Amino acid sequence: MTADEGGLPDIKRNVPTAIHAQISEHIRLRIAGGEWPPHYRLKSEPELAQEFGVSRGTVRRALATLIEEGLLRQVRGRGTFVTSTVIELKPSPRSSAPCRRTSPARAWSPPPECARAP
């Protein structure tokens, strides 16, 4: 059973991808898919470590990657939270394309008709 089916996350230990990178990707997909919305509080590091079947250090390294990317924020004594990343762009006068992105998915890029808001 995989995480997509509601089971434990599918961590592959026999592939060349580092385990912490697999965990980062799994969390990234939960955020991008809307399962973990902005301001969502993640489980504690020990709980995540147990869920993934890895050490707490591995989870910390995965979280550090996502914090560096700006997807997560840690508040001492409170927990780790999904950031509320909103990219505001102003549309070109000749376009009606949507120029606002509320999901922190990495693969999104604005339509060419949009320019960064000052």
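Residues numbered from 1 in each chain as written. Predicted model: local features only at pLDDT ≥ 70, side-chain atom pairs only at ≥ 80, totals over all residues. Heavy atoms only, no water.

K.L.:
Lay out the overall build of the chain with the relevant residues and their values.
P.N.:
On a plain count of helices and strands, the chain comes out with three helices and five strands. Start at the N end of the chain and walk to the C end: the helices and strands fall as α-α-α-β-β-β-β-β. Taking all 118 residues of the chain together, 31% fall into the buried category. For the chain, restricting intrachain contacts to residue pairs at least 6 apart in sequence, the fraction spanning at least 24 positions comes to 46%. Of the roughly 7900 Å² of accessible surface on the chain, a fraction of 50% belongs to carbon and sulfur atoms. (Helix = DSSP H or I, 4+ residues; strand = E, 2+ residues; numbered from the N terminus. Buried < 20%, exposed > 50% of the residue type's maximum accessible area, 1.4 Å probe, protein only. Contact = heavy atoms within 4.5 Å. Areas by Shrake-Rupley, 256 points an atom, 1.4 Å probe, with all protein chains shown as cover.)

K.L.:
So what's going on with unusual backbone geometry? Which residues, and what values?
P.N.:
Phi is mostly negative for residues that are not glycine, and the peptide bonds are mostly trans. Unlike most non-glycine residues, H39 shows phi in positive territory, near 75°. Positionally, H39 belongs in the loop between α1 (19-32) and α2 (45-52). On the basis of relative accessible area, H39 is assigned to the exposed category, the value being 58%.

K.L.:
Can you break down the nonpolar core residue by residue, with the values?
P.N.:
In terms of nonpolar packing, the biggest core is built from 17 residues, with I23, I27, I31, L42, F52, L63 and L72 touching the most fellow members. With four residues, helix α3 (residues 56-69) is the largest single contributor of residues to this core. Ignoring any residue separated from it by four or fewer positions in sequence, one finds L63 in contact with I27, L42, E45, L48, L72, Q74 and T80. (Core = buried A, V, L, I, M, F, W, Y, C linked by side-chain atoms within 4.5 Å.)

K.L.:
Describe α2, and please don't skip the residues or the numbers.
P.N.:
Residues of α2 that are buried: E45, L48, A49, E51 and F52. Down the axis of α2, the buried set is contained in an arc of 160°. They therefore lie on one face. On its buried face, α2 is in contact with α1, α3 and β1 (72-75). Where α2 terminates, the next one or two residues include G53, which has phi positive at roughly 70°. (Arc of directions from axis to C-beta.)

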